Amino acid sequence: MLLRLVLLTFAITVIQVTAIKQPRSVPKYTEWRLPRWVLPRHYKLRLLPFIEEGNFTTAGQVDILLECMEPTQMIVLHIADIRIVQDEGLQVHDLIESRRVPIQSYIEDKTRQLLVIGTKNETLQVGKYYKLSIRFIGQLNDKLNGFYRASYTENGIKKYLATTQFSPTDARRAFPCFDEPGLKAVFQITLGRLKSRKAHSNMPIKRTYPNEDLPDYVWDEFDKTLPMSTYILAFIVSEFEGLDSPELELQDHTQFRTWTRPSAGKQTEYARILGPRVLRFFENYFNISFPLPKLDMFAIPDFVVSGMENWGLITYRETALLYDPVRSSGAEKQRIAHVIGHELAHQWFGNLVTMDFWDDLWLKEGFASYLMYVGLDVVEPSLQIGQQFTISETQKVFEVDSLMSSHAMSFPVKKRNEINELFDSIPYSKGPAVIRMFAGFIGQSKFQHGLTFYLDSKKYQSAVNDDLWKAMSNQSIEALELPSDITTIMNSWSLQTGYPIVTVRRNYDFQSAIVTQERFYLLGDRNSSDFPLWWIPLTYTTNFNTTFQAWMMGTEDGIELELPSTSTEWVLFNVDQIGYYRVNYDETNWKLIIQQLLQDHRAVSTLSRSQLIDDSLNIARMGSLPYSVALQLSSYLRAERDFAPWFSALTAFNYLDSMLYHTASKDKLREYIKWLILPTYEQIGFEERKGDSQLVILNRNQIISWACRLGVSECVNNATSLYKLWMAQPDNSNWVNSNYKKEVACAAIANSGDEEWDFALERYLSTDLSSEKEMLLNALSCSNSPEALNTLLEWALDANSGIRRQDSSTVFRSVSTNPLGSSMVFDFALLHWDEMVKAFPSLNILGRLVEAISKTLDNETHLKNLVTLSEGGRGDLGTATRSVQQALERTRINLEWKKRRLPTVTKLLDTWFRNQTFS
């Protein structure tokens, strides 16, 4: 108690003398980006966080070494939610002449989060160095951004830690700084802590010494960092315990440790084994050693994203790092591997070489996503993750990139809120899809050497889009006989919005085809003046024994090709969907493909079968292919047993199911899907078998989920009886195979009542395994009770409900996937819009929620409400401006689909229901 009083008294004393100085005249600066008049070279930062109930503040001082690049009487940097100590709290010193520079005024521009400092009748001179010193007070907020507090319960005691999430623009909430990625500097960090806690930052501790003012506290001074950006800086003060990796032979020059709350230490074993192996793989792949002496991975109880690549101190949501071999599923294990691989790839792409500004976010996120697949295919081949690329990245991002309101991979940012909006599927999924296509036509060896050259030539610096393509152009490209230089080819993909649909119209008499390109739109009524063209690496085959290649120029919308097929043979383009484009054919070629699939689908590769399903149903959705053809092709699925084609099919069927949910044809569609799925369900079974591969396990997950959703009696009975067993034995972790807990719990709650729902809620509140909490939130969202779903939504925004802030977005997304709940979530979001904006201020979380809850909006009331929202009628759009525009477009697309396609689909389903055929 005495310690708390001392801390509280100290904080109050400091706070009482803090205020923004009232300027005599306000320096004028009108831009939202920082000027380059002075540049930061070195930060000396000291922070003392108080982590006690009633006092979550931080006392800090930062000294910034500045180099003057242009004559100026103004210093401009970032600040947010920080109070500067009055009078002597801000000083500027001329280091050459060893004197203080008089300050006329300074002001905080809260709208643009800028601190503007004006000198008094003195111009800072080019080539000279100055020291900017600021003493300040910050807050350990509970909003999961900046320097914030997280909590957990151990042995019945609530405990706190202080941690960071600075990306993309929240380092300024921890200390005044030049918070742009291109403004790299060296950081020297000192953190204060209670003796009973541990402090961590990007570098190892250099020394620990007493705090003379607070005897229960000490200071930890850390080694200087390498030149780095503010957004990958990190600090943590906690009572966590760390475990070394057992892969000792991989730690010859990098100490690798994993940290978590003490009770969860055993759940780090998988991460501790996998992490060093992936790190060593990337060192060998790039031929560039990890440059830091240590790498810590932290599992944070309250964390807004899956992982954050802070250099040498990577932070994770617990579900992305902690794995229990008994209670965690294969899908959860894969997620952990996925996030670890992604964050470790960032240690080179993002940390060693950083995009100059957020315009080129894809330069780090696209490569981290792509290289994750490359690394895990070698380090953890049992996950078969490379075979999931097409459905997880290419097909996933096709939907949003089919919108007129999509954006290019490299996209100019015009205001601060647009930075957060960029963190969508374009950099994260289109980026790796385009990189995969590029690696495919340049060759893996040249691609790998090009990456090394790029990283070596730009290390500890920042880069732009052109820097990458120029580095790649140095790899003996002439021998590839490309139709143009790499920059020209790849700018058509990185600087243009959208992607092409390639249409192949065959001349069966002359064994040739006219191949054309145009941008693929889901909305038929589009701007006719928008005719972008791409440099497209075409691949095609007639038997999968030989793949042919050709180029479609970015200067032409059509070419003629000779084909190696006779008039009775099919031809298939974009083999294994390596290219980032869709393909349509004349109806005869489609029917030849369908005939092949019905006779022997394995004559077509698995990934190409997935592509055919995805392309055909989406091209039919936008109106360029008759639905009769697409649905007839899908009928081969009765013989399909592989994961990827089924994933593509069920994704497309999910859209149809949502569009038909409130129509008389819903049951006929579901009968058709059930007819397709039953042979696979009967063969793959409800129970796991010894030796099942990861893809078989994942396939069983989705087949069970849909079989129960479609009312297959054996599936529903199995799910409900297993769940009853769990209710009778709540502490029995083996009530069902961990791989299928999510699907079984969802099906049981969807087909049961209040007792089952209440049990899931109780387990959510009591379990100590984060992945199980996430599974149970998903299960609670499967309820068919509007009251239960509405209660869940209300709790998601209630800080006292027991649902963690980090899990709120999970609730909204999960309820939105329930056909009963989709409109409920939208209505709830409109009613509580201002609260949503405040609850999800960073990293486009709100935008992703808007995307999730708007995919199935399909009536005029939805459209009217979205128009009101987009025009500001319900308040600030926060970080969701683009997502609201995309929601508007999606709703118009859905309305158009119901008007133009629904009658056709209804007639086709009627025909199939009578005759089990679409012809």
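Let me begin by describing the structure that accompanies this report. (Residues numbered from 1 in each chain as written. Predicted model: local features only at pLDDT ≥ 70, side-chain atom pairs only at ≥ 80, totals over all residues. Heavy atoms only, no water.)

### Some words on the pairing of strand 8 (residues 114–119)
Okay, so step 1: Most of strand 8 is tucked away: 6 of the 6 residues are buried.
Okay, so step 2: Residues Leu114, Val116 and Gly118 line one face of strand 8 and the alternating positions Leu115, Ile117 and Thr119 line the opposite face, and both faces are buried.
Okay, so step 3: Across 6 bridges, strand 7 (residues 103–109) lies against strand 8 in antiparallel orientation. Across the sheet, residue Asp109 finds its bridge partner in strand 8, namely Leu114.
Okay, so step 4: The loop that links strand 7 with its antiparallel partner strand 8 comprises 4 residues; one of these, Gln113, has a positive phi angle of about 55 degrees. (Buried < 20%, exposed > 50% of the residue type's maximum accessible area, 1.4 Å probe, protein only. Helix = DSSP H or I, 4+ residues; strand = E, 2+ residues; numbered from the N terminus. Pairing = 2+ DSSP bridges.)

### A short note on the nonpolar core
Okay, so step 1: Membership of the largest hydrophobic core comes to 299 residues, with the highest contact counts inside it found for Phe175, Phe235, Phe447 and Phe653.
Okay, so step 2: The dominant element in this core, judged by the number of residues it contributes, is helix 4 (residues 362–379), at 11 residues.
Okay, so step 3: Setting aside chain neighbours within four positions, we find Phe447 in contact with Tyr285, Phe367, Tyr370, Ile435, Phe438, Ala439, Ile442 and Met472.
Okay, so step 4: By size, the runner-up hydrophobic cluster in this structure holds 9 residues, among which are Ile137, Leu194, Leu214 and Trp219. (Core = buried A, V, L, I, M, F, W, Y, C linked by side-chain atoms within 4.5 Å. Contact = heavy atoms within 4.5 Å.)

### Concerning the sheet that holds strand 27 (residues 548–552)
Okay, so step 1: Read across the sheet, 3 strands follow the order 27-26-29 without closing on themselves; strand pairing throughout is antiparallel. The open sheet has two edge strands with one neighbour each: strand 27 and strand 29 (572–573).
Okay, so step 2: One ladder, built from 5 bridges, connects strand 26 (residues 536–541) with strand 27; its direction is antiparallel. Within the sheet, the bridge partner assigned to Thr539 lies in strand 27 and is Gln549.

### Things to note about the packing of helix 23 (residues 822–831) against helix 26 (residues 860–870)
Okay, so step 1: Between helix 23 and helix 26, whose axes approach to 12 Å, the crossing angle comes to 30 degrees. The angle between the axes of helix 23 and helix 26 places the two elements in the roughly parallel class. Taken as a pair, helix 23 and helix 26 cross one another with a handedness that is left-handed. Contact with helix 23, carried on its side by Ser823, Phe826 and Leu830, involves His862, Asn865, Leu866 and Leu869 of helix 26 and no other residues of that element.
Okay, so step 2: Tallied by class, the residues present in the contact of helix 23 with helix 26 amount to 4 nonpolar, 3 polar and no charged. (Axes fitted to C-alpha atoms, helices over the stretch in contact; angles between N-to-C directions. Parallel < 35°, antiparallel > 145°, perpendicular 65-115°, else oblique. Left-handed = near helix turned anticlockwise from the far one by under 90°. Nonpolar A, V, L, I, M, F, W, Y, C, P; charged D, E, K, R; others polar.)

### A closer look at the side chain of Ser770
Okay, so step 1: Note that Ser770 resides in helix 20 (residues 770–780).
Okay, so step 2: Other than its neighbours up to four places away in sequence, Ser770 contacts Arg261, Glu318 and Thr319.

### Details of the pattern of salt bridges
Okay, so step 1: Following the criterion strictly, the structure yields 52 salt bridges and no others.
Okay, so step 2: For Lys668, the salt bridge goes to Asp910, with nearest N and O atoms at 2.6 Å. Here Lys668 is found in helix 15 (residues 666–684), whereas its partner Asp910 is found in helix 28 (residues 902–915), with 242 residues between them in sequence.
Okay, so step 3: One salt-bridge network, in which partners are shared between bridges, spans Asp94, Glu97, Arg99, Glu122 and Lys128. (Salt bridge = Lys/Arg side-chain N within 4 Å of Asp/Glu carboxyl O.)

### Points about the sheet that holds strand 19 (residues 294–300)
Okay, so step 1: The mixed open sheet is built from 5 strands, whose spatial order is 17-18-19-21-20. Unpaired on one side and paired on the other, strand 17 (241–244) and strand 20 (307–308) mark the two borders of the sheet.
Okay, so step 2: Where strand 19 meets strand 21 (residues 313–317), 5 bridges bridge the pair, whose relative direction is parallel. Paired with Asp296 across the strands is Leu313, a residue of strand 21.
Okay, so step 3: Packed onto the sheet, helix 2 (residues 269–286) meets strand 17, strand 18 (255–260) and strand 19 and runs at close to 145 degrees relative to strand 18.
Okay, so step 4: Those strands touched by helix 3 (residues 330–345) are strand 19, strand 20 and strand 21, and its axis lies near 150 degrees from that of strand 21.

### Some thoughts on a positive patch on the surface
Okay, so step 1: On the surface, a cluster of positive charge is made up of Lys44, Arg46, Lys131 and Lys224.
Okay, so step 2: Within the secondary structure layout, Lys131 lies in strand 9 (residues 129–139). (Patch = residues over 30% accessible without salt bridge, like charges linked within 9 Å, V, L, I, M, F, W, Y side chains within 5 Å. Areas by Shrake-Rupley, 256 points an atom, 1.4 Å probe, with all protein chains shown as cover. Lys, Arg positive; Asp, Glu negative; His and termini not counted. Charge placed at Lys NZ, Arg CZ, Asp CG, Glu CD.)

Distances and angles like these do not, on their own, reveal function.
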